[in-house]
Amino acid sequence: MKLFETTATAGHEQVLFCNDQASGLKAIIAIHDSRLGAAMGATRLWPYESEVAALTDALRLSRGMTYKAACANIPMGGGKAVIIAKPEQKTCELLQAYGRFIERLNGRFITGQDINLTPQDVRQINRETKYVVGTQEKSGGPAPVTAIGVLLGMKAAAKYRFGSDNLKGLKVAVQGLGNVGQHLCDWLHQNEVKLFVSDINQAKVSKVARLYGATAVEPEQVYGLDVDIFAPCAMGAILNTQTISQMKASIIAGSANNQLLDEQVHGEMLTDQNILYCPDYVINAGGLINVYHELIGYQEKKAISHVHSIYDTLLELFKKAETTGMTTHKASMQLAEERITQAEQAQMLVSA
Ligand SMILES: NC(=O)c1ccc[n+]([C@@H]2O[C@H](COP(=O)([O-])OP(=O)(O)OC[C@H]3O[C@@H](n4cnc5c(N)ncnc54)[C@H](O)[C@@H]3O)[C@@H](O)[C@H]2O)c1
Ligand SMILES: N[C@@H](Cc1c[nH]c2ccccc12)C(=O)O
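Residues numbered from 1 in each chain as written. Chains lettered and ligands numbered in written order. Predicted model: local features only at pLDDT ≥ 70, side-chain atom pairs only at ≥ 80, totals over all residues. Heavy atoms only, no water.

Where an unreviewed UniProt entry is consulted, the protein chain appears under the name L-tryptophan dehydrogenase, with the organism given as Lyngbya aestuarii BL J. The UniProt entry for the protein chain carries the following comment under Catalytic activity (unreviewed entry): "L-tryptophan + NAD(+) + H2O = indole-3-pyruvate + NH4(+) + NADH + H(+)". Looking at the protein chain in UniProt, the text filed under Sequence similarities (unreviewed entry) is "Belongs to the Glu/Leu/Phe/Val dehydrogenases family." (UniProt positions renumbered as here; feature names shortened; annotations may be inferred.)

**Q** Sorry if this is basic, but what is going on with the packing of helix α2 (residues 51–71) against helix α14 (residues 328–351) here?
**A** Describing two packed helices takes the angle between their axes plus the distance from one axis to the other. One way to put it is that α2 packs onto α14 with a least axis distance of 8 Å and a crossing angle of 70°. In this view, α2 runs roughly perpendicular relative to α14, as classed from their interaxial angle. Taking contact as the criterion, the partners of R63, T66, Y67, A70 and C71 in α2 are, on α14, S332, M333, L335, A336, E337, R339 and I340. Classifying every residue of the contact of α2 with α14 by side-chain character gives 7 nonpolar, 2 polar and 3 charged. (Axes fitted to C-alpha atoms, helices over the stretch in contact; angles between N-to-C directions. Helix = DSSP H or I, 4+ residues; strand = E, 2+ residues; numbered from the N terminus. Parallel < 35°, antiparallel > 145°, perpendicular 65-115°, else oblique. Contact = heavy atoms within 4.5 Å. Nonpolar A, V, L, I, M, F, W, Y, C, P; charged D, E, K, R; others polar.)

**Q** Honestly, the site of ligand 1 in this entry has me stumped. Any pointers?
**A** By nearness alone, 20 residues border ligand 1, and T146, V180, D199, K204 and A234 come closest of all. Here an oxygen atom of ligand 1 sits 2.7 Å away from a polar atom, N or O, in the main chain of A234. At 2.9 Å from an oxygen atom of ligand 1 is found a side-chain nitrogen or oxygen belonging to S255. For ligand 1, whose unbound accessible area comes to 830 Å², protein coverage reaches 81%. Listing elements by their share of the shell around ligand 1, those giving two or more residues are α5 (143–162) and α6 (179–190). Split by residue class, the shell around ligand 1 holds 9 nonpolar, 8 polar and 3 charged. (Near = heavy atom within 4 Å. Polar contact = N/O pair within 3.5 Å; in protein donor to acceptor, adjacent residues only side chain to side chain. Areas by Shrake-Rupley, 256 points an atom, 1.4 Å probe, with all protein chains shown as cover.)

**Q** Explanation requested: the environment of Q21 in the structure shown.
**A** Residue placement: Q21 occurs in the loop between β1 (14–20) and β2 (25–33). On the accessibility criterion, Q21 (77% relative accessible area) is exposed. With 73 residues separating them in the primary sequence, Q21 and L94 have C-alpha atoms 9.6 Å apart. (Buried < 20%, exposed > 50% of the residue type's maximum accessible area, 1.4 Å probe, protein only.)

**Q** Whenever I open this one, the layout of surface pockets confuses me. Can you help?
**A** Rolled over the atoms, a probe sized like a water molecule indicates the empty space that remains. There is about 250 Å³ of room inside the second largest pocket. Sorting the residues of the lining of the second largest pocket by element identifies α5, α9 (263–272), β12 (276–277) and α13 (309–324) as the ones contributing at least two each. The residue inventory of the lining of the second largest pocket, partitioned by class, reads 8 nonpolar, 6 polar and 2 charged. (1 Å grid on protein atoms, 1.4 Å probe; cavity = no way out; pocket = protein on both sides within 12 Å on 5 of 7 lines; lining within 4 Å. Points joined across faces, edges and corners; volume = space filled by probe spheres on them.)

**Q** Looking at this structure, I do not really get the pattern of salt bridges. What am I missing?
**A** Note on pairing: side chains with opposite charge can pair once their charged atoms come close. Per the stated rule, a full pass over the model turns up 14 salt bridges. Among the salt bridges present, the one from R35 reaches D33, with a minimum N-O distance of 2.8 Å. What makes D33 buried here is its relative accessible area of 8%. Put simply, R63 and E263 hold a salt bridge, and the shortest N to O gap is 3.1 Å. Taken together, the residues span a long stretch of sequence, with R63 in helix α2 and E263 in helix α9 at a distance of 200 residues. According to the relative accessible area criterion, R63 is buried, its value standing at 17%. According to the relative accessible area criterion, E263 is partly exposed, its value standing at 21%. Linked through salt bridges whose partners overlap, the residues forming this network are R44, D57, K80 and D114. (Salt bridge = Lys/Arg side-chain N within 4 Å of Asp/Glu carboxyl O.)

**Q** Any chance you could explain the pairing of β1 here in plain terms?
**A** Each regular strand carries side chains that alternate between the two faces of the sheet. Pairing geometry for β1 and β2, over 7 bridges, is antiparallel. Paired with C18 across the bridge in β2 is A27. Connecting β1 to the next strand, β2, in antiparallel fashion are 4 residues, including G24 with a positive phi near 85°. (Pairing = 2+ DSSP bridges.)

**Q** I would appreciate a short explanation of the site of ligand 2 in the present structure.
**A** Surrounding ligand 2, one finds 16 residues, the nearest of these being G41, K68, G112, D114 and N257. Between K68 and ligand 2, the recorded distance is 2.6 Å, taken from a side-chain N or O atom to an oxygen atom. Relative to its unbound accessible surface of 360 Å², ligand 2 loses 94% to contact with the protein. Looking at side-chain class alone, the shell around ligand 2 contains 8 nonpolar, 5 polar and 3 charged residues.

What follows is the structure in structure tokens.
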């Protein structure tokens, strides 16, 4: 892998490889763009099969965070960190060593909880650095608010595609019943949708099926279901040639990051199949919005009202994509770039 070429192509500013021999920590912190402010991005712990896979994940996710912040009108940059480890290799020493690396960045990178980190783990990191947001004690954890954003995004898509944002009676399939997925199912149940759910964890499927009268579906069957909306809330790269070719849904609206395996190829494939795709970093920005509000003095009402902007942003993007003929993904990238340039110019005017 050509490191400088790869990182420069996607516009990354800085990538840090963190080694701590004593605790065995191996982490990568990717700062994609800090033109508008410190780079924000949660930390994921994952037993990557190779270092290249870890770096690739950090690079893709950090770039997504820049676009997520820009589309949500958050004056911050984008970053992401990955710790290469199995969950059972997590120790207090390892997390604290990681915290010291964050602290040394002196506020250039602000992080928090992502996959395989618990609130207790974040507390360990927090012992060594103040640059942590999204804890239970502060804004209360991002997942419930992410789910609200996804629900609003789904409503915007239904409005655009079906003429009404009332979801009642629509068939919705949710893939992944984790922190976000379960909150989303609760909202969807309240909105009287016909719910189909899948997860690789059978206990979660049984719980959600029982709570909300949802129909349980085998993980591999979720793509071909005859539903109106597909909500991917598990892992990335699930929108690929094999899965898209099975799809009957008219709308894709879910929380997972990096849903498109190949942004261009699979973005276009969705358009060709007349499937309205809600760009992941636009619809799943609720969590980022919520933790960002900690930095400006957290008030729940203000944070939720900010999350409501996801609805209008998506409607704007759907229109832009339709009138220009570009994919919704491309339209959202353009919107992000435009907002970053505008905000940068405004900052230059203020400092001149
Ligand atoms: N938590 C947030 O606030 C937030 C914000 C933005 C984006 N996201 C993204 O949303 C997704 C879900 O986040 P989360 O916090 O709920 O994670 P989570 O780890 O709590 O839940 C993920 C769920 O997906 C299931 N899963 C894994 N592989 C699967 C498969 N092949 N088929 C079906 N289910 C599978 C897991 O068993 C788990 O229940 C992730 O991609 C995450 O990056 C989360
Ligand atoms: N992980 C979330 C947002 C998030 C949660 N906690 C954080 C802490 C810092 C920065 C971002 C976050 C996302 O992908 O959007």
